[in-house]
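Residues per chain are reported as follows:
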Amino acid sequence: MIRSSTDGARGPRPRYRTRLALVIGAVGMLATAGAIALPNTASAASTLGASAAERGGRYFGTAVAANKLNDSAYTTILNREFNQVTPENEMKIDATEPQRGQFSYGNADRIVQHARSRGMQVRGHTLAWHSQQPGWMQSLSGSTLRQAMLNHVTQVATHFRGQVTWWDVVNEAYADGSSGARRDSNLQRTGNDWIEAAFRAADAADPNAQLCYNDYNIDNWNDAKTQAVYRMVQDFKQRGVPIDCVGLQSHFTGGSNYPSNYRTTLSSFAALGVDVHITELDIRNAPADAYRNVTNDCLAVARCKGITVWGIRDSDSWRSGESPLLFNGSGQKKPAYDAVLTALNNGNPGGNPTTPPPGGGCTTSTTAGTVWGDRYNTSVTVSGASNWTVVVAVTAPQSISTTWSGSASLSSNNTVLTMRSNGSGNTFGFTTMMNGNSSARPQVRSCTAG
Ligand code: G3I
């Protein structure tokens, strides 16, 4: 279902052809020197969606506003970079059921059609929420409101059945602060079971959709709100309430910062047996480090299925004054964009976490070899094991062209090398094409004995 945005009719870009020529040159030169040439048919992914797809089928998506779909600067970036879309406002209750019993899907359908016709997956947002309720719903209470909410969930999930991969079934139901309590709302006042009732209704209407609980300020593992949502998900799993995923909005804007224990939060939710999604990412002033950390945290958790940024350009953001996104108002890539793409390209190709080796470790020492104008050699010596597997990564756009003295496999973009001992000693080597980056040097990710 996920389609790499390098696929399709556009074909390879000029930069790829240039680099391929350099690689062929390198392979030829080293082959004459007795080195083993590897087939080199793939390029480093050059867009966020394509690279995420290579990391275990993940997505990299964005919130989309229907009224911007006729802005060609906007759609050019959308269509090039992203393989997942969340309607920013068009599937909310006030948009889809403005009058009780009268449903309106025009803008949402436009976004879904735009996305699906380009192979992008759609996240539905959101079926039940205390906010952006139409006036008629705000004035209801008790069992009348409960029935109206369930009817809304049923009707909307039925309309989009088969078109929406994930639903934010319930959004923002917990209170901020230290209470760990539910947020007070007209929906909460219909009874504490309103959330599970909404999930069961969504499941009945679209049994194939992945059903998520979505919230903000559940990023810091130590926060009472995070712990409260964790306990609810744990309870739902234990009692068989149909829940498949948790969405962490991750608005690191408006005074909420990226927490250093974010990865713990992701992996802790995942350990409950649900997928985790980063659903509305934006970060005040878009520091490259924080964007890189979030990306690496998702890549480190196998059940983290993808990242959605909450808008494309800073000017599209609900917090445009904080310039929190990956593209500036002119549509230019910001340093945070480069940090995210590099982190994605350097990620483990299968998208799985780099875990401590079960059979014990080994150690490596890396020695710089010959440097040419366009490429350089590196050798790695392994200690502590005679049978070993070493994973080493270079920084895109650099890519590994040639290896020797080991049994090699490369990621599809040739940035991650998995080298296994093949009886030819404890030192192996490889050649890296610089492709315009002459300063970065390889990093050994792991050394596994056996
Ligand atoms: O479309 C009308 C327009 O016709 C009118 O002229 C204008 C001025 O009143 O308002 C426009 O609607 C606004 C809409 O955004 C579209 O721009 C609404 O007033 C405004 O309330 C709405 O804000 C949205 C907000 O949710 C509402 O809660 C933001 O765009 C949207 O980014 C934001 O998204 C939420 C997520 O759904 C949940 N998580 C938090 C996130 C940020 O608040």
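Preceding block: the structure.
Residues numbered from 1 in each chain as written. Predicted model: local features only at pLDDT ≥ 70, side-chain atom pairs only at ≥ 80, totals over all residues. Heavy atoms only, no water.

> Sorry, what's going on with the nonpolar core here?
Most often, soluble globular proteins keep nonpolar side chains buried together rather than apart. Grouped together as the largest cluster of nonpolar side chains are 94 residues, with contacts concentrated most on Phe60, Trp167, Val170, Phe199, Tyr291 and Leu326. Among the elements that take part in this core, helix 8 (residues 194-205) stands out by supplying eight residues, more than any other. Listed in part, the 13 residues of the second largest apolar core include Tyr376, Val382, Ile400 and Met434. (Core = buried A, V, L, I, M, F, W, Y, C linked by side-chain atoms within 4.5 Å. Buried < 20%, exposed > 50% of the residue type's maximum accessible area, 1.4 Å probe, protein only. Helix = DSSP H or I, 4+ residues; strand = E, 2+ residues; numbered from the N terminus.)

> Just to check I follow, could you spell out the packing of helix 7 (residues 142-159) against helix 8 for this structure?
How two helices pack is summed up by the angle between their axes together with the distance between the axes. The contact between helix 7 and helix 8 brings their axes to 8 Å, and the two run at 30°. In terms of their interaxial angle, helix 7 and helix 8 are classed as roughly parallel. Crossing geometry of helix 7 relative to helix 8 is assigned as right-handed. Of the residues in helix 8, those touching helix 7 at Arg146, Met149, Leu150, Val153, Thr154, Ala157 and Thr158 are Trp194, Ala197, Ala198, Ala201, Ala202 and Ala205. Grouping the constituent residues of the contact of helix 7 with helix 8 by class yields 10 nonpolar, two polar and one charged. (Axes fitted to C-alpha atoms, helices over the stretch in contact; angles between N-to-C directions. Parallel < 35°, antiparallel > 145°, perpendicular 65-115°, else oblique. Left-handed = near helix turned anticlockwise from the far one by under 90°. Contact = heavy atoms within 4.5 Å. Nonpolar A, V, L, I, M, F, W, Y, C, P; charged D, E, K, R; others polar.)

> What should I look at first to understand the pattern of salt bridges in this one?
For side chains of opposite charge, pairing can occur when their charged atoms come near one another. A complete count under the given rule lists 18 salt bridges for this structure. Of the charged contacts in the structure, one is a salt bridge between Asp193 and Arg146, with a shortest N-O distance of 2.6 Å. A residue pair is termed long-range when its members are at least 10 positions apart, and Asp193 in the loop between strand 5 (166-171) and helix 8 and Arg146 in helix 7 qualify at 47 residues. The exposure class assigned to Asp193 is partly exposed, which follows from its relative accessible area of 38%. Owing to a relative accessible area of 12%, Arg146 belongs among the buried residues under this scheme. The salt bridge partner of Arg319 is Glu322, with a shortest N-O separation of 3.5 Å. By relative accessible area, which is 28% here, Arg319 ends up partly exposed. For Glu322, a relative accessible area of 16% translates into the label buried. Through salt bridges with shared partners, a single ionic network connects Lys68, Asp71, Arg313 and Asp316. (Salt bridge = Lys/Arg side-chain N within 4 Å of Asp/Glu carboxyl O.)

Don't take any of this as a statement about function, it's just geometry.
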